[in-house]
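Below are the chains, spelled out letter by letter.
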Amino acid sequence: MSKNVVVIGGGPAGMAAAGKLSELGQEVTLIEKEAELGGHLKKWYKVFPDFTDASEIIAELKAGLHGTRVLNNCTVNQIEGSAPNFTVTTSTGEKIEAASILVSTGFNHFNASFKEEYGYDIYDNSITSVELDAMLKQQKVKTASGKTPRKIAMVHCVGSRDEKVNNNYCSRVCCTNAVKVAIEIKEQIPDCEIYSLYMDIRVFGRGYEELYRTSQEKYGVQFIRGRLSEANEKNDGSLLLRVEDTLTARPMRLTVDLLVLMVGMCGNTELAEIADLKVGCDRFYETAHTQYSNNYSARTGVFLAGTATGPKAIAESITDGRSAAAEIAGFLATKVGSICQLESATNGYFANEKQVVHQ
């Protein structure tokens with residue numbers, strides 16, 4: 001019987017869980033489909049609310065993986081058996097024995113091209129927050145023609161809280177991320193005018209509200225409670241936005257050099273059938289119980305962590321990964337321990353029987 005734990009997904013939650021399990025003396029195999037660990041985090045420049053460099057977080061999590069077996073460029077094709085005797089078959093054909101499994105496969109970004117009225121994949125200067133972060137990371141926020149933008153608009157809730165695309169949930173991080181990147185743009189391009197078009201501002205975490213206030217008071221970011229109905233490209237490549245100011249109920253027009261779409265999170269449920277996992281109405285994995293079994297799945301021995309179960313900030317994903325590791329350690333101590341005790345008792349019984357027979 002194996003005492004190995006297979007962690008599927010090498011993003012923040014998966015790395016945090018693997019590191020904590022290793023610290024607890026557990027054998028761990030970490031499976032990551034990409035060539036490098038880090039998940040979406042490795043694409044980011046800095047994270048809110050304290051502007052910690054994303055690479056620093058990845059380095060810190062990697063440092064905790066001592067003793068962990070890491071399989072990169074690898075996916076899971078099949079999961080057979082039950083706890084504590086799972087067999088995980090990978091895309092390379094390897095069969096890995098596991099006592100428990102953690103699914104931390106993260107999320108997918110919403111495909112902004114589904115919102116045609118915003119002009120993504122139609123106009124060159126309509127970009128996503130992912131593409132903006134790549135520019136910030138390179139210290140080169142430019143228009144498609146290579147010019148430094150003087151006016152930028154950011155649209156919140158793209159693909160979130162939107163019945164038209166069947167995503168009724170809030171992605172939780174978009175508002176604060178918009179505040180964070182607005183400040184970063186102002187630091188790199190001080191004279192750039194930034195407009196944030198929002199439905200509601202939802203900055204719920206510690207330090208988030210202060211960041212929101214700082215963006216306005218120190219950096220002059222302008223927040224407009226309004227709905228973007230349409231974006232049209234002008235001859236010079238700039239974009240004419242038609243916006244309804246929902247506070248005054250008045251239409252307005254705004255010309256910008258760049259339109260940034262703050263895309264939300266969508267569930268990544270590619271392992272649903274393979275791991276026999278339930279998917280909720282929001283198309284993220286469903287936990288055994290929202291309140292008190294939030295790292296457990298309905299399948300005994302298979303655990304969940306990070307954004308696999310719903311939108312989370314980086315710090316929350318790391319905490320959730322470590323929480324899952326503690327749950328797994330407890331599960332193995334009781335489940336596997338009791339089986340070992342039973343086997344030991346059974347072996348002792350048969351040994352005594354043999355002695356009686358020989359006598």
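For the structure, see preceding data.
What counts and what doesn't
Residues numbered from 1 in each chain as written. Predicted model: local features only at pLDDT ≥ 70, side-chain atom pairs only at ≥ 80, totals over all residues. Heavy atoms only, no water. Core = buried A, V, L, I, M, F, W, Y, C linked by side-chain atoms within 4.5 Å. Buried < 20%, exposed > 50% of the residue type's maximum accessible area, 1.4 Å probe, protein only. Helix = DSSP H or I, 4+ residues; strand = E, 2+ residues; numbered from the N terminus. Contact = heavy atoms within 4.5 Å. 1 Å grid on protein atoms, 1.4 Å probe; cavity = no way out; pocket = protein on both sides within 12 Å on 5 of 7 lines; lining within 4 Å. Points joined across faces, edges and corners; volume = space filled by probe spheres on them. Nonpolar A, V, L, I, M, F, W, Y, C, P; charged D, E, K, R; others polar. Phe/Tyr/Trp six-rings, centres within 6.5 Å; stacked < 30°, edge-to-face > 60°.

Observations concerning the nonpolar core
And step 1. Ile-101, Val-103, Met-154, Leu-241 and Leu-259 are the most contacted members of the largest nonpolar core, which totals 111 residues.
And step 2. In terms of residue count, the dominant contributor to this core is helix H4 (residues 174-188) (eight residues).
And step 3. Ignoring anything within four residues of it in the chain, the contact list for Met-154 reads Ala-178, Val-181, Ala-182, Ile-194, Tyr-195, Ser-196, Leu-197, Val-260 and Met-262.

Details of the layout of surface pockets
Where empty space is left can be seen by rolling a probe of water-molecule size over the atoms.
And step 1. In this model, the second largest pocket occupies a volume close to 330 Å³.
And step 2. Residue lining of the second largest pocket: 18 residues in total, with Lys-115, Tyr-118, Asp-162, Met-199 and Arg-227 positioned closest to the centre.
And step 3. Secondary-structure elements contributing two or more residues to the lining of the second largest pocket are strand E12 (151-158), strand E13 (193-198) and strand E14 (222-233).
And step 4. In terms of residue count, the dominant contributor to the lining of the second largest pocket is E14 (four residues).
And step 5. Its residues placed into classes, the lining of the second largest pocket shows seven nonpolar, four polar and seven charged.

Thoughts on the packing of aromatic side chains
And step 1. Inspection of every chain in the model, using the stated rule, returns eight aromatic pairs.
And step 2. Both rings, one in Phe-48 and one in Tyr-208, keep their centres 5.2 Å apart while their planes meet at 85 degrees; by these two values the pair is edge-to-face. With a gap of 160 residues between them, Phe-48 in the loop between strand E3 (46-47) and strand E4 (52-53) and Tyr-208 in helix H5 (residues 208-217) connect regions that are remote in the sequence. When sorted by exposure, Phe-48 lands in the same class as Tyr-208, which is buried.
And step 3. Through pairs of rings, three or more aromatic residues link up here, namely Phe-48, Phe-204 and Tyr-208.

Coordinates in, geometry out; function isn't part of it.
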